[in-house]
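Examination of the molecular architecture
In case you want the letters, here they are:
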Protein chains: 2
Amino acid sequence: MSDQQEAPKRAAARRPGRRPGGADTRGAVLEAARAEFGARGYDKASMRGIARVAGVDAALLHHYFGSKEQLFLAALDFPIDPAAVVELIMDGEREQMGERLVRFMLTLWSQPEILDRLLAVLRTAVGSEQIAALLRDFMVRELVVRLAAELDLENPELRAELVLSQILGLAVARYVLRAEPIASATADDLVPLLAPTFQRYLVGPVG
Amino acid sequence: MSDQQEAPKRAAARRPGRRPGGADTRGAVLEAARAEFGARGYDKASMRGIARVAGVDAALLHHYFGSKEQLFLAALDFPIDPAAVVELIMDGEREQMGERLVRFMLTLWSQPEILDRLLAVLRTAVGSEQIAALLRDFMVRELVVRLAAELDLENPELRAELVLSQILGLAVARYVLRAEPIASATADDLVPLLAPTFQRYLVGPVG
């Protein structure tokens, strides 16, 4: 149980504090990252290109942000690390994948700061085709492809995207529409209904 | 098969043409309806109140729009009639409910004019808490409560809202994010994966 409570903290992207590079450098890097991601898309933007636009050394950028994924999370103030979510889903009993995912999501969304940032990203994506495309490329590359690689079934990408679609829809129903009873439903209410959905998308038919 | 192709046409809300009341009267009624729905919400707004604001006879309003639901559909340019969707889901083999729903949605969304209007409603709801609340009350009253009344299981409202959530999420993944392969997946691709999800929400465990 304590494992399940700790896991969402690992998957929540940390909001890095001030870095040794100084606030100005960090601001310039994030601005350059937003510009490059916006102009080139997630797949084509590169750490090297962002470093050049920001006027900093590429090695320094790697040192402070680790990867393009991490830089993207920081630049878009995106509160979830998809790579960590995939790890969390896959790490543990195969029979419990669906339940782990439901409990993870609800724990994450119960944190107002994380929820607010997620909803801000959703609003921006719904309002802007460019941001929607950027977010899609990021989610496909860092969540769908990673998750699909772990699935031993036909159509793994489609299955991974159906998982994503049910997560998105749950978020819209709970936090945009705020429809009752789904908006106030607890993990214990939702697990019996939702866990088998994720389990079937991820693992196949459930008896 | 021809039944399945006809059904979405019935569930698609017709866009009424000019009515005998005249274009000015119709415009005034729709404006009054938007104002009243916006100010009072779906449940508290009344045909009588809307008629008064529009300066028309309440009986005339009923004659031309039939019901509060129909007036709402016209005022918000909402392209789907939830009552007809519920009928469509319930009308036919119980074992095929999930598949009927998947094929219905995809047929509906394949019509660009309907899809555009749905996405416009979604964008407005995501951008405005007032519209989100109005849309929620409408969907709960006209879709969730109606559908739940047909379900012979525990938590029927939660189940109906999970159906709605998977529909919303599929729409966001396909038409907002436009993630592949889900964006181009056909009914035949999606039925084997999605139909059991809806079937389980609506009818209970599927073997």
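Residues numbered from 1 in each chain as written. Chains lettered and ligands numbered in written order. Predicted model: local features only at pLDDT ≥ 70, side-chain atom pairs only at ≥ 80, totals over all residues. Heavy atoms only, no water.

Under an unreviewed UniProt entry, the name given to chain A is TetR family transcriptional regulator, and the organism recorded is Streptacidiphilus pinicola.

**A closer look at the packing of aromatic side chains**
Definition in use: Each Phe, Tyr or Trp ring (for Trp, its six-membered ring) is paired with any other whose centre lies within 6.5 Å, and the angle between the two planes then decides the class: stacked below 30 degrees, edge-to-face above 60, tilted in between. In this scheme, a residue with accessible area under 20% of its type's maximum is buried, one over 50% is exposed, and one in between is partly exposed, where area comes from a 1.4 Å probe on protein chains only. A ring is considered to have a charge above it if a Lys NZ or an Arg CZ atom is located within 6 Å of its centre and within 35 degrees of its normal.
Taken as a whole, this structure holds 14 aromatic pairs over all chains when the rule is applied. Judged by centre distance (5.6 Å) and plane angle (20°), the ring pair of Phe37(B) and Tyr42(B) falls under stacked. In this structure Phe37(B) comes out as buried when scored by relative accessible area, which is 0%. According to the relative accessible area criterion, Tyr42(B) is buried, its value standing at 1%. An aromatic cluster of at least three residues, connected via ring pairs, comprises Phe37(A), Tyr42(A), Phe72(A), Phe78(A) and Phe138(A). When the ring centre of Tyr42(B) is taken as origin, the NZ or CZ atom of Lys68(B), which lies over that ring, is 4.9 Å away.

**Here we look at the nonpolar core**
We apply this condition: Residues enter a nonpolar core if they are buried and are Ala, Val, Leu, Ile, Met, Phe, Trp, Tyr or Cys, with the set joined through side-chain atoms within 4.5 Å. To qualify as a helix, a DSSP run of H or I must reach at least 4 residues; to qualify as a strand, a run of E must reach at least 2; elements of each kind are numbered from the N terminus. Residues count as neighbours in contact if any of their non-hydrogen atoms are within 4.5 Å of one another.
Among the nonpolar cores identified, the biggest contains 162 residues, and Trp109(A) and Trp109(B) are the most heavily contacted of them. It is helix α10 (residues 156-177) of chain B that contributes the most residues to this core, 14 residues altogether. Setting aside residues up to four positions removed in sequence, Trp109(B) forms contacts with Leu115(B), Leu118(B), Ile167(B), Leu170(B), Ala171(B), Arg174(B) and Tyr175(B).

**Digging into the interface of chain B and chain A**
It is common to report an interface's size as the accessible area lost on association of the parts. Our working rule: Summed over both partners, the accessible area lost on bringing two parts together, with a 1.4 Å probe, is the buried area. Any carboxyl oxygen of Asp or Glu within 4 Å of a side-chain nitrogen of Lys or Arg constitutes a salt bridge here. Pairs of N or O atoms are called polar contacts if they sit within 3.5 Å, as long as, within protein, a hydrogen donor faces a hydrogen acceptor (for residues adjacent in sequence, only side-chain-to-side-chain pairs).
Listed by partner, the interface residues are 40 residues for chain B and 39 residues for chain A. Contact between chain B and chain A buries roughly 3,500 Å² in total, counting both sides, with carbon and sulfur atoms accounting for 68%. Per-residue buried area on chain B facing chain A is highest for Val126(B), Leu177(B) and Leu193(B); these three make up 20% of the total on that side. Applying the counting rule to chain B against chain A returns two salt bridges. Residue Arg178(A) pairs with Glu129(B) through a salt bridge whose shortest N-O separation is 3.7 Å. Counting across the chain B and chain A interface gives 17 residue pairs in polar contact (both at pLDDT 80 or more). Contributions of two or more residues to the side of chain B that touches chain A are made by α8 (112-127), α9 (129-150), α10 and α11 (187-203) of chain B. Among the elements that take part in the side of chain B that touches chain A, α10(B) stands out by supplying 15 residues, more than any other.

**A short note on the packing of α8(B) against α9(B)**
All names here are of chain B. Operational definition: Throughout, an axis means a line fitted to C-alpha atoms (over the contacting stretch in the case of helices), and angles, computed between N-to-C directions, take values from 0 to 180 degrees. Each angle is binned into one of four classes, with values under 35 degrees roughly parallel, values over 145 roughly antiparallel, values of 65 to 115 roughly perpendicular, and all other values oblique. Any residue outside Ala, Val, Leu, Ile, Met, Phe, Trp, Tyr, Cys, Pro, Asp, Glu, Lys and Arg is labelled polar, Gly included; the first ten of those are nonpolar and the last four are charged.
Between α8 and α9, the least distance of the axes is 5 Å, while the angle of their chain directions is 120°. Our classification of the angle between α8 and α9 gives oblique. Contacts between α8 and α9 pair Val121, Thr124, Ala125 and Gly127 from the former with Glu129, Ile131, Ala132 and Leu135 from the latter. Residue composition of the contact of α8 with α9, by class: five nonpolar, two polar and one charged.

**Structural notes on the side chain of Arg136(B)**
Note on placement: Arg136(B) falls in helix α9. Within the structure, the side chain of Arg136(B) is placed 3.5 Å from the backbone oxygen of Arg178(A), a separation counted as a polar contact. In contact with Arg136(B), other than residues within four places in its own chain, are Leu177(A), Arg178(A) and Ala179(A).

**Describing unusual backbone geometry**
Omega for the peptide link from Glu180(A) to Pro181(A) comes to 5°, which places this bond in the cis form. Of note, Pro181(A) is situated in the loop between α10 (156-176) and α11 (187-203). Located in the positive-phi region is Asn155(B), a residue other than glycine, with phi close to 55°. As for its placement among the helices and strands, Asn155(B) is situated in the loop between α9 and α10. Classification of Asn155(B) by relative accessible area gives partly exposed; the value is 43%. You will see that Arg178(B), though not glycine, has its phi angle at about 55°, which is positive. Along the polypeptide, Arg178(B) turns up in the loop between α10 and α11.

**A closer look at the pattern of salt bridges**
Residue and element names in this part refer to chain A. Under the counting rule described, the total for this entry stands at 20 salt bridges over all chains. Of the charged contacts in the structure, one is a salt bridge between Arg146 and Glu69, with a shortest N-O distance of 3.8 Å. Taken together, the residues Arg146 in helix α9 (residues 129-150) and Glu69 in helix α5 (residues 68-75) connect sequence positions 77 residues apart. Residue classification places Arg146 among the partly exposed residues on the basis of a relative accessible area of 35%. Linked through salt bridges whose partners overlap, the residues forming this network are Glu69, Glu142 and Arg146.

**Regarding the relation of the copies chain B and chain A**
This is how the line gets drawn: Least-squares superposition aligns the copies on the C-alpha atoms of those residues with pLDDT at or above 70 in both.
Note on the copies: chain B fits chain A at an RMSD of 0.0 Å, the axial shift is 0.0 Å, and the rotation between them is 180°. Both copies of the chain, as the preceding transformation shows, are related through a two-fold rotation axis. The C-alpha atom lying nearest the rotation axis in chain B is that of Gly169(B); the distance is 1.8 Å. Comparing contact sets, 98% of the residues at the interface of chain B also lie at the interface in chain A, consistent with an isologous, same-surface contact.

**Digging into the packing of α10(A) against α10(B)**
Note the following rule: Here is the rule for handedness: rotate from the far helix to the near one, and if that takes an anticlockwise turn smaller than a right angle the crossing is left-handed, while a clockwise turn gives right-handed.
In the contact formed by α10(A) and α10(B), the axes pass within 7 Å of each other and the chain directions differ by 115°. Comparing their axes, α10(B) and α10(A) come out roughly perpendicular. As α10(A) runs across α10(B), the sense of the crossing is right-handed. Touching Leu162(A), Leu164(A), Ser165(A), Gln166(A), Leu168(A), Gly169(A), Leu170(A), Val172(A) and Ala173(A) of α10(A) are Leu162(B), Ser165(B), Gln166(B), Leu168(B), Gly169(B), Leu170(B), Val172(B), Ala173(B) and Leu177(B), all from α10(B). For the contact of α10(A) with α10(B), a count of residues per class yields 12 nonpolar, six polar and no charged.

**What to know about the UniProt feature "DNA-binding region" (unreviewed entry) in chain A**
What counts is decided by this rule: UniProt positions are given in the numbering used here, feature names are shortened, and annotations may be inferred rather than shown by experiment.
Per the UniProt annotation, the sites labelled "DNA-binding region" (unreviewed entry) are residues 46-65 of chain A. Spanning residues 46-65 of chain A, this segment combines 80% helix with 0% strand, and its end C-alpha atoms are found 13 Å apart.

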